[in-house]
Amino acid sequence: MAEVGQGLHKALQNGVIPPTTIGLLQLRAGQLLGSTYFAVRETGNLRGRGESEERITAVATWRDATCFTAAERVALELVEAVLTPNPSGERVPDELYARASAHYDDKAMWSLIMAIAHIGFFTPAALIAKPIPGMPPGRNYSE
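Each value, and the rule that gives it
- Residues numbered from 1 in each chain as written.
- Predicted model: local features only at pLDDT ≥ 70, side-chain atom pairs only at ≥ 80, totals over all residues.
- Heavy atoms only, no water.
- Helix = DSSP H or I, 4+ residues; strand = E, 2+ residues; numbered from the N terminus.
- Buried < 20%, exposed > 50% of the residue type's maximum accessible area, 1.4 Å probe, protein only.
- Contact = heavy atoms within 4.5 Å.
- Salt bridge = Lys/Arg side-chain N within 4 Å of Asp/Glu carboxyl O.
- Expected span 1.5 Å × (residues − 1).
- Phe/Tyr/Trp six-rings, centres within 6.5 Å; stacked < 30°, edge-to-face > 60°.
- Axes fitted to C-alpha atoms, helices over the stretch in contact; angles between N-to-C directions.
- Parallel < 35°, antiparallel > 145°, perpendicular 65-115°, else oblique.
- Left-handed = near helix turned anticlockwise from the far one by under 90°.
- Nonpolar A, V, L, I, M, F, W, Y, C, P; charged D, E, K, R; others polar.

A.B. asks: Help me understand the overall build of the protein chain, please; the structure alone is not making it clear to me.
C.D. replies: When its secondary structure is counted, the protein chain shows 7 helices and 0 strands. Of the regular secondary structure in the protein chain, the N- to C-terminal order runs α-α-α-α-α-α-α. Counting over 143 residues, the protein chain shows a buried share of 38%. For the protein chain, the proportion of contacts with a sequence separation of at least 24, taken over those separated by at least 6, is 59%.

See the structure below:
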């Protein structure tokens with residue numbers, strides 16, 4: 001499992017998607033999933049990158065916030081679409097993919113998809129094992 005996780009993490013560091021955008025996606029995913037670990041970790045990471053408290057706080061209500069770029073907004077919409085069940089059909093309609101593609105070329109779209117896959121890969125561990133924010137890897141689980 002560690003090798004796959006490391007591979008996904010390495011793929012995210014290719015420089016195609018800004019680390020801030022990836023952090024915003026991961027924070028929003030933590031909020032949607034109800035994972036304190038994801039939310040606390042990504043809040044700290046974003047602060048470490050110099051992100052403003054306004055932007056960090058506004059991730060929860062990004063649709064109404066004016067502090068995000070168009071590319072960040074469509075990325076946040078994409079992660080929400082993937083992580084939120086849609087009882088009426090497809091989670092990621094062609095229209096959303098087309099809007100995302102207008103901001104991200106093919107390589108960037110795949111990087112964005114891998115950023116969301118990275119979240120999906122670690123979601124079971126975050127929700128089942130309940131890692132403790134701030135604890136070192138290997139010692140950051142409730143049991």
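A.B. asks: Explain the pattern of salt bridges to me, please; I cannot follow it from the model alone.
C.D. replies: Opposite charge on two side chains allows them to pair when their charged atoms are near. A full pass over the atoms with the stated rule returns 8 salt bridges. Here the salt bridges share partners, and the residues they tie into one network are Arg-28, Arg-63 and Glu-80.

A.B. asks: I tried to follow helix α5 (residues 70–83) on my own but got confused; where do I start?
C.D. replies: Three or four residues apart is the spacing at which side chains of an α-helix point the same way, because the helix has 3.6 residues per turn. In this model α5 runs 20 Å from its N-terminal to its C-terminal C-alpha over 14 residues, within 8% of the 20 Å that 1.5 Å per residue would give. Taken together, the buried positions of α5 are Glu-72, Val-74, Ala-75, Leu-76, Glu-77, Leu-78, Val-79, Glu-80 and Ala-81. Buried-residue contacts for α5 involve α2 (19–33), α4 (53–58), α6 (94–101) and α7 (106–129).

A.B. asks: Help me out: how do you make sense of the packing of aromatic side chains in this one?
C.D. replies: The geometry of an aromatic ring pair is captured by two quantities: the separation of the ring centres and the angle between the planes. Considering all chains together, one arrives at 2 aromatic pairs under this definition. Ring plane angle 45° and centroid distance 6.3 Å describe the contact between Tyr-37 and Phe-38, whose orientation is recorded as tilted. According to the relative accessible area criterion, Phe-38 is buried, its value standing at 5%. The interplanar angle of 85° and the centroid separation of 4.9 Å between the aromatic rings of Phe-121 and Phe-122 together place this pair among those described as edge-to-face. Assessed through its relative accessible area of 26%, Phe-121 is described here as partly exposed.

A.B. asks: Where do I start with the environment of Ala-102 in this structure?
C.D. replies: By secondary structure assignment, the location of Ala-102 is in the loop between α6 and α7. The class of Ala-102 is exposed, set by a relative accessible area of 64%. Sequence-wise, Ala-102 and Val-74 are 28 residues apart; in three dimensions their C-alpha atoms are separated by 9.7 Å.

A.B. asks: When you look at the packing of α5 against α6 in this model, what are you seeing that I'm missing?
C.D. replies: Packing of α5 against α6 leaves a shortest axis separation of 9 Å and a crossing angle of 150°. As far as their axial angle goes, α6 and α5 are roughly antiparallel. Crossing of α5 against α6: the hand is left-handed. From α5, Val-74, Glu-77, Leu-78 and Ala-81 reach across to α6, where they touch Leu-96, Arg-99 and Ala-100. Partitioning the contact of α5 with α6 into residue classes produces 5 nonpolar, no polar and 2 charged.

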